[in-house]
Amino acid sequence: MHRGRSSPLQLDGPLSLAVGADAVRTCAGVWRGGRYVTCPYGAHLPPDVRRHQCDRCAALDRSYSVAADTKVDDPRPYAVYLAWFGPGLLKVGITAAERGAARLREQAAVCFTFLGEGPLMTARRTEAILGAALGVPDRVAAPAKRAARHTLPDAAARAAELRGLHASVASLLPDTLRARPCEVVDHAALFGLSPGQLPPPGARVTALPPGSTLTGTVRAAAGYDVYVRVSEPEVSSRAEGAEGSGRLLLLDTRLAQGWPLLRPRYGAATDVPTAVIAPAEEAPPPLF
């Protein structure tokens, strides 16, 4: 795994990265003891995959994972949360209590509230109860999350829908879960999202192959998704699909994982493979 400096992204700040012409994208390895151990297979990753591990390392991690339900003896307390991504687009989930809101930021939850805390199996049981009794899902598809960002209601409306769900599930919680009051945390400002202020991107980056460059200004960032305003009128000669792919690009930052990224040369223009975002990729969120 490549080590080096890290630079946090800032809203309205620059984003500049390049992949060397001879660069190789490598697997991050296996997560052990709070860090990644070098991939035992020395695997390389294709430029267009949105993950940081090869299939075998990912399988090793999932063989002892809370998310995959293969790790059931974790003694840490777990928090159950309700997350809101758009009108009618809510989910229930769990996270280690010690992580706080980190998991919600990773999932790009526009706002959320905790329901309670308890042992891992109690948290899992709560998820199952809410799914069976009220149809509250434990997953939300990325295209639905992305579509909702362009038509957000105001903060009061977001909070009201979340509080309504919190109130409706309170009586269904198991006794072994320590209930928590509804305290809505809103991430819209953190992500750079305001009602009606984020236009749909004209295209998405499909890969960061050797020799590619991406430079622009960060317009918004939610979870893995970064919306980049590029400076030149035409994004790239490699763009796929219809002409006029636009100046706002959607970058899934998982495409950058595993590359030894460089700083572009001064004045370098954006040159990355892109694809026009099809309507099906920005479908309206489902109501449950």
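The structure this text deals with has already been given above.
Residues numbered from 1 in each chain as written. Predicted model: local features only at pLDDT ≥ 70, side-chain atom pairs only at ≥ 80, totals over all residues. Heavy atoms only, no water.

Asks: Go over the overall build of the protein chain, please, and point to the residues and values.
Replies: Counting secondary structure elements, the protein chain contains six helices and 14 strands. Counting the 288 residues in the protein chain, one finds 45% classified as buried. Restricting the contact set of the protein chain to residue pairs at least 6 apart, pairs at least 24 apart contribute 76%. Within the structure as shown, the protein chain displays about 14500 Å² of accessible surface, and the carbon and sulfur contribution to it stands at 54%. (Helix = DSSP H or I, 4+ residues; strand = E, 2+ residues; numbered from the N terminus. Buried < 20%, exposed > 50% of the residue type's maximum accessible area, 1.4 Å probe, protein only. Contact = heavy atoms within 4.5 Å. Areas by Shrake-Rupley, 256 points an atom, 1.4 Å probe, with all protein chains shown as cover.)

Asks: Any chance you could break down the pattern of salt bridges for me, citing the residues and the numbers?
Replies: Taken as a whole and judged by the stated rule, the model has 14 salt bridges. The residue glutamate 106 makes a salt bridge to arginine 103 at a minimum N-O spacing of 3.3 Å. Linking glutamate 106 with arginine 103, this pair stays in helix α2 (residues 102-106), spanning three residues, or about one helical turn. The class for glutamate 106 is partly exposed, based on a relative accessible area of 37%. In this structure, arginine 178 engages glutamate 117 in a salt bridge whose closest nitrogen and oxygen atoms are separated by 3.7 Å. (Salt bridge = Lys/Arg side-chain N within 4 Å of Asp/Glu carboxyl O.)

Asks: Tell me about the side chain of glutamine 53, residues and numbers included.
Replies: Within the secondary structure, glutamine 53 sits in the loop between β3 (35-37) and α1 (55-62). Of the polar contacts made by the side chain of glutamine 53, one reaches the side chain of aspartate 61; its length is 2.6 Å. Among all residues touching glutamine 53, those that are not within four sequence positions of it are Cys27, Gly29, Val30, Tyr36, Leu45, Ala58 and Asp61. (Polar contact = N/O pair within 3.5 Å; in protein donor to acceptor, adjacent residues only side chain to side chain.)

Asks: Explain the sheet that holds strand β12 (residues 248-252) to me, and be specific about the residues and the numbers.
Replies: Read across the sheet, seven strands follow the order β13-β1-β10-β11-β12-β9-β14 without closing on themselves; strand pairing throughout is mixed. Looking at which strands have only one partner, the edges of the open sheet turn out to be β13 (261-262) and β14 (274-276). (Pairing = 2+ DSSP bridges.)

Asks: Please set out the nonpolar core residue by residue, giving values where relevant.
Replies: With 32 residues, the main nonpolar core has Val80, Leu82, Trp84, Leu115, Leu130 and Leu193 as its most contacted residues. Only β4 (78-86), β5 (89-96), β6 (111-118), α3 (120-134), α5 (155-169), α6 (188-191), β10 (213-222) and β12 provide two or more residues apiece to this core. Residues in contact with valine 80, not counting those within four places in the same chain, are Val92, Gly93, Ile94, Phe114, Leu115, Gly116, Ala123, Thr126 and Leu177. (Core = buried A, V, L, I, M, F, W, Y, C linked by side-chain atoms within 4.5 Å.)

Asks: How would you sum up the pairing of β5? Please name residues and give values.
Replies: Most of β5 is tucked away: eight of the eight residues are buried. Burial along β5 is two-sided: Leu89, Lys91, Gly93 and Thr95 facing one way and Leu90, Val92, Ile94 and Ala96 facing the other are all buried. Alignment of β4 against β5, held across eight bridges, turns out to be antiparallel. Bridge pairing in β5 links valine 80 to isoleucine 94. With antiparallel pairing between neighbouring strands as the criterion, β4 and β5 make up a hairpin whose turn holds two residues, including glycine 88 at a positive phi of roughly 75 degrees.

Note that all results are geometric; they support no functional claim without further evidence.
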